[in-house]
Structure formats: structure tokens, C-alpha cells
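# Residue-level structure breakdown
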Amino acid sequence: VQLQASGGGLVQAGGSLTLSCTASGLTFGRYAMSWFRRAPGKQREFVAAINFSGDSTFYYDSVKGRFTISRDNAKNTVYLQMNSLKPEDTAVYYCAAERNLQSDYLPNSDAMAYWGKGTQVTVSS
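Residues numbered from 1 in each chain as written. Predicted model: local features only at pLDDT ≥ 70, side-chain atom pairs only at ≥ 80, totals over all residues. Heavy atoms only, no water.

Under the defined criterion, the tally for this structure stands at four aromatic pairs. With 6.1 Å between their ring centres and 50° between their planes, Tyr 31 and Tyr 114 make a pair best called tilted. Here Tyr 114 lies in strand β10 (residues 114-115) and Tyr 31 lies in strand β4 (residues 31-38), a separation of 83 residues in the sequence. Using a relative accessible area of 8% as the deciding quantity, one classes Tyr 31 as buried. Looking at Tyr 114, the relative accessible area reads 29%, which means it is partly exposed. (Phe/Tyr/Trp six-rings, centres within 6.5 Å; stacked < 30°, edge-to-face > 60°. Helix = DSSP H or I, 4+ residues; strand = E, 2+ residues; numbered from the N terminus. Buried < 20%, exposed > 50% of the residue type's maximum accessible area, 1.4 Å probe, protein only.)

Dropping the structure here:
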């Protein structure tokens, strides 16, 4: 199983980026997907999650209204659209997969079966 994240980069505050995470080696439609991030010197934190079918999403408070998670099960890909970026959003962003078919999905980092290697997002002030 591989989760390949991409789309990170350097952007000015107020700008936008879209991250992608493409999965292989698993039945993508049976997995809920999440994005986490780890900033320098800080612990990993949850960012956003989406259920297996894509009709339920959940966000960390600090990104609500700015970030949007979505998925395309035909392409085995989950996305994170990030708008109005702030310097405090600077981190390595990781995608993760949890085998879960619940409609009202709530992420649990300890239950993630697979993790991607991460993509760096840097927001300059």
C-alpha cells in the first residue's frame, strides 16, 4: 500500500494550495481519509477528514472555513484545498487512511492503517 502526497510548496500568506494524496494497493472506497500536519517543534495534529463515500467531512477548528477536503474514489485520490493560508499553517502535511465505512466518521490517529510520507507546506508572512 502506498499513499503519495503532493502539491506542497512555498506560498505567501493569504494564498492557496491544493494538496493531493493518491492511494494504491488498497480498496480506496472502503477507507476514510484524513490529513494531519506536523509543524517544526510541535506534535502532529489533525487537520481534516472525509468518510469513505465523501459525503461527510470533519475539520480542526483552526482550519474551518479555510480548508476543504474532498475525494475522488474513481481516481483513488483525496484532496485538501487550502485557502487564506497563514504562517502558522506551515508544516509537513500527511495523508492517512483508516478502514472505516461509517457515514458519520470521526478520525482517530491511532486507528490509521496507512500513512503517506508527507509534503511540505511553507507559508511566508
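So, on to the state of the cysteines. Each disulfide is one covalent bond, formed between the sulfur atoms of two cysteines. Counted by the stated rule, this structure contains one disulfide. Across a sulfur-sulfur distance of 2.0 Å, Cys 21 and Cys 95 are joined as a disulfide pair. Taking the torsion about the sulfur-sulfur bond, which here is approximately 60°, the covalent link between Cys 21 and Cys 95 counts as right-handed. In this pair, Cys 21 is assigned in strand β3 (residues 17-24) and Cys 95 in strand β9 (residues 91-99), connecting sequence segments 74 residues apart. (Disulfide = S-S within 2.5 Å.)

Consider a sheet: its strands pair through backbone hydrogen bonds, and that pairing is either parallel or antiparallel. If you trace the four strands from one edge of the open sheet to the other, you get β1-β3-β8-β7, paired in antiparallel fashion. Two strands lie at the open edges of the sheet, namely β1 (2-6) and β7 (67-72), each paired on one side alone. Between one strand axis and the next, the sheet turns by 15° as a mean value, whatever way the strands run. Sheet analysis places β7 next to strand β8 (residues 77-82), joined by six bridges and oriented antiparallel. In the strand pairing of β8, Phe 67 is matched with Met 82. (Pairing = 2+ DSSP bridges. Axes fitted to C-alpha atoms, helices over the stretch in contact; angles between N-to-C directions.)

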